[in-house]
Amino acid sequence: MLHMHELSVTQSILDIALRHGQQAGAQRIAAINLVIGELTGFVDDSIQFYFDFLSQDTLAQGARLAIERIAPQARCHACGAEYPPPDSRLWTCPECGELGGDVTAGREFFVASIEIE
């Protein structure tokens, strides 16, 4: 099953890479290095599928997508402990039992770098 929200996100990735590749005078874009938090819900295979389709006949055609995944992390409001939240909507701090906390990692989504030739 393809995830349609990845289409617009992948178009943005391609636009960023093409803009920077053209500014650098690239003959071709060899790789695009992405950072994606696990809480974004984006599916790597869907991004790759759309990228392969959208990048046809561009400087980025055939470029390798390298995806670094960032695990979720939370910080307790009460005691400040940092911990990986469980896979549920509500969680408690493993140190003090306080409900919830601030998500400090896992929502990232950005182009870290591009490799050009």
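Relevant structure appears above.
Note that residues are indexed from 1 along each chain, following the sequence as it is written. Totals for whole chains, interfaces and linings use every residue, but because this is a predicted model, local features are given only for residues with pLDDT of at least 70 and side-chain atom pairs only at 80 or more, for both listing and counting. Think of the side-chain values as coming from all heavy atoms in the structure, minus any hydrogens and water.

The method works on a 1 Å grid over the protein atoms by themselves. A cavity is a set of points holding a 1.4 Å probe that cannot get out, a pocket is an open set with protein on both sides within 12 Å along at least five of seven lines, and residues with an atom within 4 Å of a point line them. Grid points are joined across faces, edges and corners, and a volume is the space filled by probe spheres set on the points. Here the largest pocket defines a volume of roughly 230 Å³. Residue lining of the largest pocket: Leu39, Pro72, Pro85, Pro86, Asp87, Ser88, Arg89, Trp91, Val103 and Arg107, and that is the complete set. For the lining of the largest pocket, the class distribution of residues is six nonpolar, one polar and three charged. Polar here means any residue other than Ala, Val, Leu, Ile, Met, Phe, Trp, Tyr, Cys and Pro, which are nonpolar, and Asp, Glu, Lys and Arg, which are charged; Gly is therefore polar.

A word on the environment of Leu14. For helices the rule is a DSSP run of H or I covering at least 4 residues; for strands it is a run of E covering at least 2, with both sets numbered from the N terminus onward. Summarising the element assignment, Leu14 is placed in helix H1 (residues 5-23). Exposure categories follow from relative accessible area, calculated using a 1.4 Å probe and restricted to protein chains: below 20% of the type maximum is buried, above 50% is exposed, and the middle band is partly exposed. Overall, Leu14 belongs to the buried group, its relative accessible area being 2%. The spacing of Leu14 and Asn33 is 19 residues in sequence and 12 Å in space, taken between C-alpha atoms. Setting aside its immediate chain neighbours within four residues, Leu14 contacts Phe51, Leu54, Ser55, Thr58 and Ala60. Pairs of residues are marked as contacts when any of their non-hydrogen atoms sit within 4.5 Å.

What follows covers the side chain of Glu6. For Glu6, the location among the structural elements is in helix H1. One buried charge, Glu6, has no salt-bridge partner; the nearest side chain with opposite charge is Arg69, at 6.8 Å. Of the polar contacts made by the side chain of Glu6, one reaches the backbone nitrogen of Val43; its length is 2.7 Å. Positive charges are assigned to Lys and Arg, negative charges to Asp and Glu, while His and the chain termini are left out of the count. For this analysis, a salt bridge means a side-chain nitrogen from Lys or Arg found within 4 Å of a carboxyl oxygen belonging to Asp or Glu. Any pair of nitrogen or oxygen atoms within 3.5 Å is treated as a polar contact; in protein, a donor-acceptor pairing is required on top of that, and neighbouring residues in sequence qualify only through side-chain atoms on both sides.

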